[in-house]
Amino acid sequence: MSSTPRLAQLDALRGIAALAVVLFHYTTRFDEVFGHARDPLVAVPYGYLGVNLFFMISGFVIFMTLERTSRPLDFVVSRFSRLYPAYWGALLLTFGLTHLIGLPGKTVGLDVLAVNVTMIQGFFGVPHVDNVYWTLEVELLFYFWALLSHRLGGASGLRSFLFGCLALRLVYAGALALFQVDLPWVGQRWLLLPYICWFALGVAIYRLSRGERGQAADRADLTLAAGALLVMALADGPGWAVLGAVFFAVLFGAARGRWTWLEHPALIWLGGVSYTLYLVHENIGWAMLRRFEQWGVEVHVAILLTLIGASLLAQLLTAFVERPAMRWIRDRYRAGRPAKPVPANG
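Let us look at the structure shown here. (Residues numbered from 1 in each chain as written. Predicted model: local features only at pLDDT ≥ 70, side-chain atom pairs only at ≥ 80, totals over all residues. Heavy atoms only, no water.)

Looking at the nonpolar core
Turning to step 1, where the next piece is worked out: With 105 residues, the main nonpolar core has Tyr87, Tyr133, Phe142, Leu162 and Leu279 as its most contacted residues.
Turning to step 2, where the next piece is worked out: Residue contributions to this core peak at 16 residues, all from helix H5 (residues 134-179).
Turning to step 3, where the next piece is worked out: Among residues more than four places away in sequence, those in contact with Tyr133 are Tyr87, Ala90, Leu91, Thr94, Asn116, Gln121, His128 and Leu279. (Core = buried A, V, L, I, M, F, W, Y, C linked by side-chain atoms within 4.5 Å. Buried < 20%, exposed > 50% of the residue type's maximum accessible area, 1.4 Å probe, protein only. Helix = DSSP H or I, 4+ residues; strand = E, 2+ residues; numbered from the N terminus. Contact = heavy atoms within 4.5 Å.)

See the structure below:
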């Protein structure tokens, strides 16, 4: 099976997840923070669950990247070139446009902007220029643990790390539920315990979807997936486990190239701009949406115009910053380390 349909379908799912988050922020969340002029006829109160699908896809893509890189620096360059140039562009756009258009309570100073350049500002207690950036810290931490455990023990090492975190997630949940003991939050944060099940499911899907290993490896990966769903059920509730199972089935199907409807050009485009759309949509979108409604634009038209504006910014950022910068960084790195190129996917 060609990897092209598989990766195209994964990108399309990432685009759908991004759109769900955007619509959540423009309908439900905007109403909570600023208040629409009148209630939209359609809201997307569960669109935030797109973030959980993001984390699953990240588990898939990061394991794929680790298997395709021979040196730690290959992995670092791959992830840096994928995340940082687009992030820096979105950071400057968000800072500038929110100050220009106005967004009460959400604008920050140059000192905060300077720390946000690192992408790890939350670890220093510094506010985010845009609140959606919190997920990037989660991603970076997962990259770190995935790289470390994979370098120490390969696929088995990463799987062992995930099993250990799943067990610890149960310990935290059990201590709280049975003894009303809230164990140190710092452990949950640094080991990504609230999100580890989603990453584990993504890793298991990548391993299982390849269909080219022995029965022992398949059993281990099925056990990882089953363990993640069980931990969801016990720690978060049966509803979350059902959702995890549904996302697992959808993502596994895409990983096997089964959902050909995902290859529609509109969804492929959406997948291509999903990262930049996610980065620029919230504060810039809220500023535009608030301004439109102040001008008397009907709420549904205001939401549509805001969505179009955010999508246009995402397309421009993708075309003129993200892709050229990623290509330039990876080309420079290949020129200096020609033995094995950095993967272009992901």
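Structural notes on the pattern of salt bridges
Turning to step 1, where the next piece is worked out: One pass over the full model with this rule turns up 12 salt bridges.
Turning to step 2, where the next piece is worked out: With its nearest N and O atoms 3.7 Å apart, the salt bridge here joins Glu67 to Arg207. In this pair, Glu67 is assigned in helix H2 (residues 50-67) and Arg207 in helix H7 (residues 196-210), connecting sequence segments 140 residues apart.
Turning to step 3, where the next piece is worked out: The exposure class assigned to Glu67 is partly exposed, which follows from its relative accessible area of 32%.
Turning to step 4, where the next piece is worked out: Of the charged contacts in the structure, one is a salt bridge between Glu322 and Arg82, with a shortest N-O distance of 2.6 Å. Remark: Arg82 occurs in helix H3 (residues 72-101) and Glu322 occurs in helix H13 (residues 299-336); sequence separation between them is 240 residues.
Turning to step 5, where the next piece is worked out: Given a relative accessible area of 4%, Glu322 falls into the buried group.
Turning to step 6, where the next piece is worked out: A residue is classified by how much of its surface remains accessible, and Arg82, at 11% relative accessible area, is buried.
Turning to step 7, where the next piece is worked out: Each of Glu67, Arg159, Arg207, Arg210 and Asp221 takes part in salt bridges that share partners, so that together they form one network. (Salt bridge = Lys/Arg side-chain N within 4 Å of Asp/Glu carboxyl O.)

A few points about the packing of H2 against helix H9 (residues 238-255)
Turning to step 1, where the next piece is worked out: Taken N-terminus to C-terminus, the directions of H2 and H9 make an angle of 45 degrees; their axes are 11 Å apart at the nearest point. On the basis of their axis angle, the class for H2 and H9 is oblique. H2 and H9 meet at a crossing whose hand is right-handed. Each of Asn52, Leu53, Met56, Ile57 and Phe60 in H2 lies in contact with H9, whose residues at this interface are Trp240, Phe247, Phe248, Leu251 and Ala255.
Turning to step 2, where the next piece is worked out: Here the residues of the contact of H2 with H9 sort into nine nonpolar, one polar and no charged. (Axes fitted to C-alpha atoms, helices over the stretch in contact; angles between N-to-C directions. Parallel < 35°, antiparallel > 145°, perpendicular 65-115°, else oblique. Left-handed = near helix turned anticlockwise from the far one by under 90°. Nonpolar A, V, L, I, M, F, W, Y, C, P; charged D, E, K, R; others polar.)

Distances and angles like these do not, on their own, reveal function.
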